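What the coordinates show
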Amino acid sequence: MQKNSPLLQHANYKILAGTPPQEKKLLTVGIPSVQHPQENYLSDTLQSLFQASTEPELNYIVVLVHLLNPDPEWLSQTVANISGLFQPHIEAQKLLVIHGLLSGSSLPGEVNNANHSSSCEALYPRQKTDYALLMNFARNLSDYFLMIGDNVRCTPRFVSTIYWALKAWKEIPWTILEFSSLSFSGKVFHTSDLSRLTSFFLLFQDTPTDLLLSSFGFLLGQRAPISLTPYLFHSQENDFTSENTCFQEKEEEEEDEPENPPAQIYTNMMVRGFHLPEYAYFLNENYFQTYFLIPGNIYTVIFDQPHKVIRVQVLTGIGKRGKCRLEHGQVELGYEPVQGKKGCTQYTLLGPLVKGKLDQKLYYEEDFVEEVRCVQLLVTAFQETKLLITQIKIWTKSEEE
């Protein structure tokens, strides 16, 4: 059992609905919820979450709702509403509703004072304290923790998607996996990191949450965001209230079609028949077919010119079940080409394939000048069955953008 953060030794919780699960789950879905003057987003979010999940998927998760407003009337009304709509999930220990407070705290700022200024800067301490209380309660419920807002729409089977991603990333160090373009919703953490993260929140009260998260990942060794697409969580279309505009989560715009810049293809995989390596890089229905894979086999795209790559998609296999997919592989980025056009001198890991696919976005700091020259698919285990590399898609950003 994890130790409590010293800064949260004065945390007091009241369970308003449900009971904690007896067995540790794979994933806790944490939802901090505030009082909205005009609409109740929380019910819609919970409805979306449970409708998007199958019964077997729900066995892997527990949904933890933290009601933030201390007003007794609002708490009572909200709990009654949740209980009326989701009683079966509460009885099955799939849904837990809590309210937490810090009392007698020596934290900087008056985080327990409900009469905050209306400025966003004054609200940051309250937001991070609420998040810290939620994470502190969740730290022993599961192996991983997912945060979503109370105004989020979930895509179908998101639990399975996260499950397979976690399985693929299990042997690779990471701090935060992102399944949304929203600033905080859709981020997954190890629960073993939550004690440190809550301390981080409470020590840096005046810093915006998204900036703290990027710093937290960097401090734990994650050099860049790991953003897995297509995204699983989206903001509801309802208008935000004025109270929540400080923490409004804006979604990124969708990219245009992939460009696939001019490039050479190199592979040491077996080439047979008419399905040539270049076909996987063409933006059409052609594909590359190969056999008898061994660890160290590579498929490398070497750009004619360096590019600022913002998204990479590698698809293997065909059909819904992914027949003829690559079972064990990863995608790497290279920056220094070697003579002879067979690749780059060194590579950094972008990510592993998840059920034969990779779809990730890349983000750059403003002063980052190094541009990608190679995108490489690396086989990491023996595979006797046939492999079809169906699509390699590359999105880039020009200097003018």
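Before going into details, it helps to say that this report is about the structure given with it. (Residues numbered from 1 in each chain as written. Predicted model: local features only at pLDDT ≥ 70, side-chain atom pairs only at ≥ 80, totals over all residues. Heavy atoms only, no water.)

**Digging into the overall build of the protein chain**
- If you tally the helices and strands in the protein chain, you get seven helices and 18 strands.
- A buried classification covers 52% of the 401 residues belonging to the protein chain.
- Long-range pairs, those at least 24 residues apart, make up 79% of the contacts in the protein chain between residues at least 6 apart in sequence.
- Accessible surface, the protein chain as shown: approximately 19900 Å² in total, 50% of it carbon and sulfur. (Helix = DSSP H or I, 4+ residues; strand = E, 2+ residues; numbered from the N terminus. Buried < 20%, exposed > 50% of the residue type's maximum accessible area, 1.4 Å probe, protein only. Contact = heavy atoms within 4.5 Å. Areas by Shrake-Rupley, 256 points an atom, 1.4 Å probe, with all protein chains shown as cover.)

**Quick look at empty space enclosed by the protein**
- For the structure on display, the rule yields one cavity of 30 Å³ or more.
- The computed volume of the largest cavity comes to approximately 30 Å³.
- Put simply, the parts of the chain that give the lining of the largest cavity at least two residues each are strand 13 (298–316) and strand 17 (372–379).
- Along the lines of polarity and charge, the residues of the lining of the largest cavity split into six nonpolar, one polar and no charged. (1 Å grid on protein atoms, 1.4 Å probe; cavity = no way out; pocket = protein on both sides within 12 Å on 5 of 7 lines; lining within 4 Å. Points joined across faces, edges and corners; volume = space filled by probe spheres on them. Nonpolar A, V, L, I, M, F, W, Y, C, P; charged D, E, K, R; others polar.)

**Topic: helix 6 (residues 194–203)**
- Of all 10 residues in helix 6, eight are buried, a share of seventy percent or more.
- Among the residues making up helix 6, those that are buried are Leu194, Ser195, Leu197, Thr198, Ser199, Phe200, Phe201 and Leu202.

**Points about the side chain of Thr78**
- Topologically, Thr78 is positioned in helix 3 (residues 72–91).
- We classify Thr78 as buried; its relative accessible area is 8%.
- Ignoring anything within four residues of it in the chain, the contact list for Thr78 reads Leu42 and Leu67.

**Some thoughts on the state of the cysteines**
- This structure, assessed with the given rule, holds one disulfide.
- Paired through a disulfide, Cys344 and Cys374 show a sulfur-sulfur distance of 2.1 Å. Measuring the twist about the S-S bond at about 85°, one finds the Cys344-Cys374 disulfide to be right-handed. Taken as a pair, Cys344 in the loop between strand 14 (329–334) and strand 15 (347–352) and Cys374 in strand 17 lie far apart in primary sequence, 30 residues in all. Just as Cys344 is buried, Cys374 falls in that class too. (Disulfide = S-S within 2.5 Å.)

Note that all results are geometric; they support no functional claim without further evidence.
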